[in-house]
Amino acid sequence: MKKNLSAKGLIPLFRAGLLLFCTLFFLSLEVYSITYYSRISSGSWSTGSNWSTVSCGGTAAGSIPTASDDVVICAGHTMTMNGNPGNCKSLTLEGTAFWSGNVTTNVGINGITVNSGGNITGTTGALATTGDLTVSSGASFSIAGTALTVAGQTAIDGSMTISSNVGAKTFQGLVTVNAGGSWTSTTMTTLLLFFQNGITQNGSFNAGAALFNTNPQSINGSGSLSFANIVAVIGVTVTNNNNTAITMTNTAAGTLQGTGNWTQGANSFLYYSGSTITITSFNATASNNLVEYNRAGIQTIYCTSYYNFNVNNSGTKTFACGTTVLGDITIGPGATLAGSTFSHTMQGNFTNNGTFSPTTSTITFSGTTAKTIMGTSTTNFKNLKFSNT
């Protein structure tokens, strides 16, 4: 018996055909992606004879990379980025990319890989990728004034140095410094370094100024972090979950600043040298976290509750309001803690190895456990109360 296909019966066939067409189309894009290699020691991106599709130093291609192509700048070669915009699907740096003018290079989802010998030089221009940035083990990657935007994640197994205070560096994804890796951006003295999805630090991390914005984020890992300049948190919460230490060594007022919130996670440590904290919200009550004010000079203590609380180094550290310390309080040698005119509640031990200046303050020891007042210095209280249960 002869059967006729109805319009309804043709629909599944049409859908299957469309799916097959789309699959073959996108596979063809992959098939026709080309890898371009630099072929001379020094040349420009926009000159076809400077590229080979065979190998490093191979036969001239006569064409330049496009957005669907992979690019390798080979060891010992310097390519001047003078195409505006330059485009490629991935960029591997084993030599040097040099920006001589205000041009932009866009790298696609396959991202940027920096191997040994890879660097970016120049004081202008921009490099952006919708993919990841990978700094391989053994690489010593340096970037100066060229702006950098990484939409994906950044993984550092070698070393990465930002060597200029010019050109914004924006990391939209998580930045991970792995064991053996290192991050250095101490030359950044203005807020042109942007973190938007947090940091995991298990290697070495030394920064200057930094700004956290766009997304709530955390700082994790087992390696310490140091910030030598302003740290700004704008409109989001940054949580310190690092279990070693975050040190902010800038001694200026408002070293930790912004319209956001800084939260100390459980078992975290913050060592702070600024004369004041001016951030909108500062939360330091999580279990066993420590905040230490350690400027060699006067400091005003941020008005909040603390878990463990230390003051250290010379100068007077003064409470700005009545403060509750849920854990222990320690006054280090050479430091002075001023109670001012406020009433304070202490729920842990009180160790004085420096000076406690009570002024007219009231100290109340409370909680459910015995408290010890100890240390190498004599402690004088103006008003002392106990309300243990």
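Predicted model only: the values in this text are computed from it and were never measured. In this numbering scheme, every chain counts its residues from 1 along its sequence in written order. Local features in this predicted model are restricted to residues whose pLDDT is 70 or higher, and side-chain atom pairs enter the listing and the counts only when it is 80 or higher, whereas totals over whole chains, interfaces and linings include all residues. Hydrogens and water molecules were not included; the side-chain quantities draw on all heavy atoms of the structure.

### Describing the overall build of the chain
Secondary structure elements are taken from DSSP: a helix is a run of H or I of four residues or more, a strand is a run of E of two residues or more, and numbering for both begins at the N terminus. The helix and strand tally for the chain stands at one helix and 45 strands. In this treatment the radius of gyration is a C-alpha quantity, and the globule benchmark scales as 2.2 Å times the residue count to the 0.38 power. Against the 2.2 N^0.38 benchmark of 21 Å for 389 residues, the chain shows a C-alpha radius of gyration of 29 Å, more extended than a compact globule. For the chain, the C-alpha atoms occupy an extent of roughly 95 × 70 × 30 Å along the three principal directions. Expressed as a percentage of its 389 residues, the buried residues of the chain come to 48%. Accessible surface computed for the chain: about 16300 Å², of which carbon and sulfur atoms make up 54%. Where the 12 positive side-chain charges of the chain centre and where its 8 negative ones centre are 16 Å apart. Residue exposure (1.4 Å probe, protein chains only): buried if accessible area is under 20% of the type maximum, exposed if over 50%, otherwise partly exposed. Using a 1.4 Å probe, the Shrake-Rupley method yields the accessible areas, and only the shown protein chains count as cover for residues. Charged-residue counts in this description rest on Lys and Arg as positive and Asp and Glu as negative, His and the chain ends being excluded. One atom stands in for each charge, and that atom is NZ of Lys, CZ of Arg, CG of Asp or CD of Glu.

### Quick word on the nonpolar core
We call a set of buried Ala, Val, Leu, Ile, Met, Phe, Trp, Tyr and Cys residues a nonpolar core when their side-chain atoms join them within 4.5 Å. One finds W183, W262 and F282 to be the most contacted residues of the largest nonpolar core, which totals 75 residues. The criterion used for residue contact is that any of the two residues' heavy atoms lie within 4.5 Å. In this structure, F282 is in contact with L256, N261, W262, L270, I277, V291, Y302, T304 and Y306, ignoring residues within four places of it in sequence.

### Examining the state of the cysteines
Throughout this description, disulfide means a covalent bond between two cysteine sulfur atoms. Two cysteine sulfur atoms make up a disulfide if the distance between them is within 2.5 Å. Taken as a whole and judged by the stated rule, the model has two disulfides. Between the sulfur atoms of C56 and its disulfide mate C74 the distance is 2.1 Å. Around the S-S axis, the bridge from C56 to C74 shows a dihedral of about -85 degrees and counts as left-handed. Taken together, the positions of C56 in the loop between β3 (51–52) and β4 (70–73) and C74 in the loop between β4 and β5 (78–80) put the pair 18 residues apart, joining distant regions of the chain.

### Concerning the pairing of strand β39 (residues 335–338)
Regular strands show a simple pattern: their side chains alternate between the two faces of the sheet. With burial as the criterion, each face of β39 is covered, one bearing A335 and L337 and the other bearing T336 and A338. Bridge analysis of strand β36 (residues 315–319) against β39 gives four bridges, and the strand direction is parallel. The residue of β39 that forms the bridge with T316 is T336. Two strands pair when backbone bridges link them, and β39 and strand β42 (residues 355–357) are joined in this way by three bridges, in the parallel orientation. Residue pairing for β42: L337 is matched across the bridge by F356. Pairing between two strands is assigned when DSSP locates at least 2 bridges connecting them.

### A look at the side chain of N289
For N289, the position within the fold is in the loop between β32 (281–283) and β33 (290–293). The residues contacting N289, other than those within four sequence positions of it, are Q264, G265, N267, S268, A284, Y307 and N308.

### Here we look at the pairing of strand β13 (residues 147–150)
The alternating pattern of β13 places L148 and V150 on a buried face, while none of A147 and T149, on the opposite face, is buried. Across four bridges, strand β10 (residues 126–129) lies against β13 in parallel orientation. Bridge pairing in β13 places A126 opposite A147. In this structure, β13 lies alongside strand β16 (residues 169–171), joined through three bridges in parallel fashion. Of the residues in β16, the one forming a bridge with V150 is F171.

### With respect to the packing of aromatic side chains
A pair of aromatic rings is counted whenever rings of Phe, Tyr or Trp (Trp by its six-membered ring) have centres within 6.5 Å, and the orientation is called stacked for planes under 30 degrees apart, edge-to-face for over 60 and tilted otherwise. Summed over the entire model, instances satisfying the criterion amount to 24 aromatic pairs. With 6.4 Å between their ring centres and 65 degrees between their planes, F212 and F227 make a pair best called edge-to-face. Remark: F227 occurs in strand β24 (residues 225–227) and F212 occurs in strand β22 (residues 210–212); sequence separation between them is 15 residues. Overall, the relative accessible area of 1% leaves F212 in the buried class. Following the ring pairs from residue to residue traces out a cluster consisting of Y272, F282, Y293, Y302, Y306, F309 and F319.

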